[in-house]
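Take a look at the letters that make up each chain.
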Amino acid sequence: MALAPADVLAGLKEIVEEVAGIPAASIELDKNFTEDLEVDSLSMVEVVVAAEERFGVKIPDEAVTDLVTVGDAVNFIVNAAK
Amino acid sequence: MSRRRVVVTGLGATTPIGGDVTTSWSALLAGTSGVRNLTEEWAQTLPVHFAARVAVEPSEQMERVELRRLDRSEQFAIIASREAWKDSGSPDIDKERLGVVIASGIGGVTTLLDQYDILREKGARLVSPHTVPMLMPNGPAANVGLELQARAGVHTPVSACASGAEAIGYALEMIRNNRADIVVSGGVEAAIHAMPMSGFAAMKALSTRNDEPQRASRPYDLNRDGFVLGEGGGILVLEEYEHAVARGAKIYCEIAGQGLTSDGYHIAAPDPDGVGVQRAVKFALRDSGLTTKDIVHLNAHATSTPAGDVAEANALRAALGADADHVAVSATKSMTGHLLGGAGAIESVFIVKTLQDRLAPPTINIDDLDPAVTVDVVRDKPRGLPGGDIAALNDSFGFGGHNVVLVFKSI
């Protein structure tokens, strides 16, 4: 099932706010998970698992290291859902 | 070179009778019980339906994102340590001279059990990546150490219900041995959950006075029938005396010494002769350079179990001799319940306040004093303590036969 990038971004904002306590309004496509959003390696696992549940996609461990920014994650999820 | 002296320069607590030290201390002097019925469904299936939960939920004292990464025991440690650190004046110190020693009896047991439920119901993928840092018993000390960037050493002695007192003693030695100038020390516990409560109930260690929860914790009363499980934590900032003076710190009192022994008797039962307790008292007095004449107050371990309270009282009478007559004994677990690894820590906080205000807190719920109790128990109302130089003891004992006695002295 195709997912709209805007919907994925909105969902990711909610997830990152829940996991890292960063206000959704300050989460944008160009934000770096580690440097800008205080999502450390443990919290990234939480983000990934929550995103898999929410969007019905698989995000393999080897793909996670390439998800540096929020935009990377949006692109990966949109492509995975095609 | 003479031995480095250690003083108390900060206090913090979150207890069943208050969300901080000031509130807890006022409630203690007023004889307030922190014991309440548990409203959770699981509690109704146990032999015991009550416990002493903290008076103020961590969710009212911390950010949401902190809460989800910390076990409840770690939350208590952070909350009480923030209060204690602020109370000590948030000292500007070389972090390599700052230590943390915070104990817990059981560590992150509720995290362990909750995540096990998730594993069984939803599978391994859904187990939180924070599980291990949350369940490890050194988690409370580690998180406080991280927040304060302590680099002299972060430690967690584990000795069941003596853990909190042992942590404070360990901190004392860290400063005496010149490993650190300031050590944030204490103990926490968060074990109010069906599983540990069932285990304690199976040992017949818990009171089952379900019709009168607030009257269930009754140390020294003839009809005591077990302890009441409590939760929370207490933190003391210990500091080398000259260091405290040099920065103009508020100094509450001195922590003058400690005595540690083990029973070698039984995994859970107290040695009825209390020989190990007597030796711990003797060692603590020797370590602090004091005698039985100097002691005016004792915050007892007294958990409200039939065997434990009398064994302890007999041991104290034997250790203190005739001088026990001028020792005002308070059993504050009558109000807070038993915080296991947090007990010796909150009771040490209470002793520091007792020396400051020269007021020994009451022991509530004694309708009929057990005639086998041969010490002078402060009942119902606080009792004034003499002026001049005074000293007080805290004793804590743990399953496994651990005995810890701490000595605090006015300054």
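Residues numbered from 1 in each chain as written. Chains lettered and ligands numbered in written order. Predicted model: local features only at pLDDT ≥ 70, side-chain atom pairs only at ≥ 80, totals over all residues.

Structural notes on the UniProt feature "domain: Carrier" (unreviewed entry) in chain A
The line we're drawing: UniProt positions are given in the numbering used here, feature names are shortened, and annotations may be inferred rather than shown by experiment. Numbered from the N terminus, helices here are DSSP runs of H or I no shorter than four residues, and strands are runs of E no shorter than two.
Within this numbering scheme, the UniProt entry marks residues 6–81 of chain A as carrying the feature "domain: Carrier" (unreviewed entry). Secondary structure within residues 6–81 of chain A divides into 66% helix and 0% strand; the distance between the first and last C-alpha atoms comes to 14 Å.

Some details on the interface of chain B and chain A
Short version of the rule: Residues are scored as being in contact if the C-beta atoms we place from backbone atoms lie within 7 Å. As a working rule, the residues Ala, Val, Leu, Ile, Met, Phe, Trp, Tyr, Cys and Pro are called nonpolar, Asp, Glu, Lys and Arg charged, and the rest polar, with Gly in that last group.
Tallying the contact residues gives eight residues for chain B and six residues for chain A. Tallied by class, residues from the side of chain B that touches chain A come to three nonpolar, two polar and three charged.

Some thoughts on the UniProt feature "modified residue: O-(pantetheine 4'-phosphoryl)serine" (unreviewed entry) in chain A
All names here are of chain A. Threshold: In this scheme every C-beta is placed from the backbone, and a residue whose C-beta has 20 or more other C-beta atoms within 10 Å is buried, one with 12 or fewer is exposed, and one in between is partly exposed.
UniProt annotation of "modified residue: O-(pantetheine 4'-phosphoryl)serine" (unreviewed entry) refers to Ser-41 when read in the numbering used here. Relative to the helices and strands, Ser-41 resides in helix H3 (residues 41–55). A residue is classified by how many C-beta atoms lie within 10 Å of it, and Ser-41, with 11 of them, is exposed.

Thoughts on helix H6 (residues 139–148) of chain B
Residues and elements named next belong to chain B. A large share of H6 lies buried, amounting to eight of its ten residues. Where the residues of H6 are buried, they touch helix H3 (72–87), strand E4 (98–104), helix H5 (131–135), strand E5 (153–155) and strand E6 (182–189). The positive-phi residue at the C-terminal boundary of H6 is Gln-149, with phi of around 55°.

With respect to unusual backbone geometry
Residue and element names in this part refer to chain B. Of note, the phi angle at Ala-160 is positive, near 50°, even though the residue is not glycine. Residue position: Ala-160 is located in the loop between E5 and helix H7 (163–176). Non-glycine residue Leu-340 carries a positive phi angle of around 50°. For Leu-340, the location among the structural elements is in the loop between helix H12 (333–336) and helix H13 (343–357). Judged by C-beta crowding, with 30 C-beta atoms within 10 Å, Leu-340 ranks as buried.

Quick notes on the pairing of strand E13 (residues 391–398) of chain B
Residues and elements named next belong to chain B. As a reminder, the rule being used: Here, strands pair whenever DSSP counts at least two bridges between them.
Of all eight residues making up E13, eight are buried, and the element is well covered by its neighbours. Relative to E13, strand E9 (residues 295–299) runs parallel, the two sharing four bridges. Paired with His-297 across the strands is Ala-392, a residue of E13. Linkage of E13 to strand E14 (residues 402–409), two consecutive antiparallel strands, is achieved through a turn of three residues, within which Gly-400 is found at a positive phi near 110°.

A few points about the sheet that holds strand E7 (residues 232–240) of chain B
Residues and elements named next belong to chain B. So the rule is basically this: Here, axes are lines fitted to C-alpha atoms. For helices the fit covers the stretch in contact, and angles between N-to-C directions go from 0 to 180 degrees.
Spatially, the ten strands line up as an open sheet ordered E5-E4-E6-E7-E1-E8-E14-E13-E9-E10, and their pairing is mixed. Either end of the sheet is taken by a strand with one partner, and the two such strands are E5 and strand E10 (328–330). The average angle at which neighbouring strand axes cross in this sheet is 25°, direction not considered. Together, strand E1 (6–14), E4, E6 and E7 form the strand contacts of H3, whose direction differs from that of E1 by roughly 130°. The sheet strands contacting H13 are E1, E6, E7, strand E8 (253–262), E9, E13 and E14, and the helix crosses E7 at an angle near 60°.

Overview of the pairing of E14 of chain B
All names here are of chain B. Of all eight residues in E14, eight are buried, a share of seventy percent or more. Every second residue of E14 is oriented toward a common face, with His-402, Val-404, Leu-406 and Phe-408 on one face and Asn-403, Val-405, Val-407 and Lys-409 on the other, all of them buried. Summarising the sheet, E8 and E14 pair through eight bridges and their orientation is antiparallel. By the bridge assignment for E14, Ile-255 is matched with Phe-408. Examined bridge by bridge, E13 and E14 share eight bridges and lie antiparallel to one another. When the sheet's bridge partners are listed, Ala-391 is paired in E14 with Lys-409.

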